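# What the coordinates show
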Amino acid sequence: MTRVLVPQLTEPPARPIGGAVLALGGETMGTTWSVKLVAPPTANADALTAMARRELDGVVAEMSPWEPLSDLSRYNRAAAGTWAALPPAFAEVLRCALEIAERTDGAFDPTLGALVDLWGFGPRPFSGAPPEAQDIAKARAPAGWRRVTLDGDSLFQPGGLRLDLNGIAKGFAVDRVAAALDRAGARSYLVEVGGELRGTGAKPDGQPWWVELERPPTANDGLRTLVALHGLSAATSGDYRRFFEHDGRRYAHTLDPATAAPVDHATVSVTVLDKTCMRADAWATALTVMRPDAALAFATAHGLAAMILANGPAGLEERLSPALSAMLDA
């Protein structure tokens, strides 16, 4: 069965005049990226690839915990009582992260860097076994989004606070590439980084950029959901994307700030549609932390277009928020 999601548009995508679909791509952030765009015959694929690459490299240079000299890594090592001048993009992402942390009462928390490392999902070596309780308590002590003081683009280090923006930075990278394409005059494109997507415009045949929303590899219900991405982004957080197994138990990469441990409930994946991929990415992470019913209630109350997949007595169960259900093409 295939369902179609059609967002309500103030203006339909204009059919591009001429041009062919150009495909670009490469590797970044430990995953892959791709761009499809309608380009005039004079478009230079190498130049467009280099442009996208610069935007992606810029996000890595500012916000990657795997890069020792990134702005984020340097802040995480900074002495207590010092201030760091953040690049504008870094400050923008952090402000969005703090806003969503506040609105979700901490379900999204950008200060879990030490815990992310401890659980084996950061750059530091990992033993392959869950950490001891005393080590969790030690890594958890300096964390907490309420300890963040951001004054304009200046960030205070209170001591031991370690940021981790992996739940939002990949979506922001998608937005950065999209913005660069806009500046280059592109009016129809689909950008993807590690499964997070943003599209606008129409293809040469007049069709929008149709994408299939991600479902877990174990899903065997045959259900497909297609969405037309025009001025819209889609991001998915799933427990199957990154995890380790120990003594027959799976530990997924999304950490619950309330327990300082990987999320341990029925949710398998959450997909969110939003105008920006940065927000879609962060909302998907936050809703994954919440239990399925709570996530649906939150998405409903806040008008989020969300698809929540969770394990239930009869197998995989799906919950669609009203904002997403309203997009279904009846």
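Residues numbered from 1 in each chain as written. Predicted model: local features only at pLDDT ≥ 70, side-chain atom pairs only at ≥ 80, totals over all residues. Heavy atoms only, no water.

This part covers the overall build of the protein. A tally of helices and strands in the protein yields 9 helices and 18 strands. The C-alpha atoms of the protein give 20 Å as radius of gyration, which agrees with the globular expectation for 330 residues (20 Å, within 12%). With the C-alpha coordinates aligned to their principal axes, the bounding extent of the protein is approximately 60 × 50 × 35 Å. For the protein, long-range pairs separated by at least 24 residues make up 65% of all intrachain contacts whose partners lie at least 6 apart in sequence. Carbon and sulfur atoms provide 52% of the accessible area of the protein, an area that totals close to 15000 Å². Averaged over its 31 positive side-chain charges, the protein has a centre that lies 2 Å from the centre of its 38 negative ones. (Helix = DSSP H or I, 4+ residues; strand = E, 2+ residues; numbered from the N terminus. Rg over C-alpha atoms; globule rule 2.2 N^0.38 Å. Contact = heavy atoms within 4.5 Å. Areas by Shrake-Rupley, 256 points an atom, 1.4 Å probe, with all protein chains shown as cover. Lys, Arg positive; Asp, Glu negative; His and termini not counted. Charge placed at Lys NZ, Arg CZ, Asp CG, Glu CD.)

Okay, the pattern of salt bridges next. Going through the model one piece at a time under the given rule, you end up with 17 salt bridges. Of the charged contacts, one joins Glu318 and Arg215 as a salt bridge, the two residues approaching to 3.1 Å between their closest N and O atoms. Of this pair, Glu318 sits in strand E18 (residues 315-320) while Arg215 is found in the loop between strand E9 (209-212) and strand E10 (224-229), placing the two residues 103 residues apart along the sequence. Exposure remark for Glu318: the relative accessible area of 27% places this residue in the partly exposed category. The network of salt bridges with shared partners includes Arg3, Arg215 and Glu318. (Salt bridge = Lys/Arg side-chain N within 4 Å of Asp/Glu carboxyl O. Buried < 20%, exposed > 50% of the residue type's maximum accessible area, 1.4 Å probe, protein only.)

Each strand in a sheet pairs with another by means of backbone hydrogen bonds, the pair being arranged parallel or else antiparallel. A sheet is described by the order of its strands in space; here 3 strands give the open sequence E1-E10-E9, paired in mixed fashion. The two strands at the open ends of the sheet, each matched to only one other strand, are strand E1 (2-5) and E9. Strand-to-strand twist of the sheet, defined as the mean angle between neighbouring strand axes without regard to direction, takes the value 25°. Bridging between E9 and E10 involves 4 bridges; their strand directions are antiparallel. Residue pairing across strands places Trp209 opposite Leu229, the latter belonging to E10. (Pairing = 2+ DSSP bridges. Axes fitted to C-alpha atoms, helices over the stretch in contact; angles between N-to-C directions.)

Position of Arg250 among the secondary structure elements: in strand E13 (residues 249-252). With a relative accessible area of 38%, Arg250 lands in the partly exposed category. Sequence-distant contacts of Arg250, defined by excluding residues within four places in its chain, comprise Asp239, Tyr240, Phe243, Phe244 and Glu245.

Glancing now at unusual backbone geometry. Here the phi dihedral of Asp105 falls at roughly 55°; this positive angle occurs in a residue that is not glycine. Considering the arrangement of structural elements, one finds Asp105 in the loop between helix H3 (88-103) and helix H4 (113-118). Taking the relative accessible area as the measure of exposure, Asp105 reaches 59% and is therefore exposed. Unusually for a residue other than glycine, Asp247 sits at a positive phi of about 50°. The residue Asp247 is located in the loop between strand E12 (243-246) and E13 in this model.

Bringing the pairing of strand E8 (residues 196-200) into the picture now. The element E8 is extensively covered by neighbouring structure, given that 5 of its 5 residues are classed as buried. Neither face of E8 is left uncovered, since the one carrying Glu196, Arg198 and Thr200 and the one carrying Leu197 and Gly199 both have all their residues buried. Pairing analysis gives 5 bridges linking strand E7 (residues 189-193) to E8, with the strands arranged antiparallel. Residue pairing in the sheet places Val191 in a bridge with Arg198 of E8. Once E7 ends, the chain turns through 2 residues before running back antiparallel as E8, passing Gly194 with a positive phi of about 55°. Examined bridge by bridge, E8 and strand E11 (residues 232-238) share 3 bridges and lie antiparallel to one another. Within E11, the residue paired with Leu197 across the bridge is Ala234.

This part covers the nonpolar core. Grouped together as the largest cluster of nonpolar side chains are 65 residues, with contacts concentrated most on Leu37, Met63, Leu165, Ile168, Leu181 and Leu287. It is H3 that provides the largest number of residues to this core, a total of 10 residues. For Leu287, the residues in contact, after removing those within four places along its chain, are Val270, Val272, Ala295, Phe298, Ala299, Leu304 and Ala306. Among the nonpolar cores identified, the runner-up in size contains 18 residues, and Leu197, Ala234, Leu273 and Met307 belong to it. (Core = buried A, V, L, I, M, F, W, Y, C linked by side-chain atoms within 4.5 Å.)

In the sheet, strand E2 (residues 20-28) pairs with strand E3 (residues 31-39) via 9 bridges, with the strands oriented antiparallel. Each bridged residue has a counterpart across the sheet, and for Gly26 the counterpart in E3 is Trp33. Linking E2 to E3, which pair antiparallel, is a turn of 2 residues; within it Met29 sits at a positive phi near 55°.

What follows covers the sheet that holds strand E5 (residues 149-151). Read from one edge of the open sheet, 3 strands run E4-E6-E5, paired in antiparallel fashion. On the outer flanks of this sheet lie strand E4 (82-85) and E5, each paired with one strand and no other. In this sheet, adjacent strand axes meet at a mean angle of 30° when their direction is disregarded.

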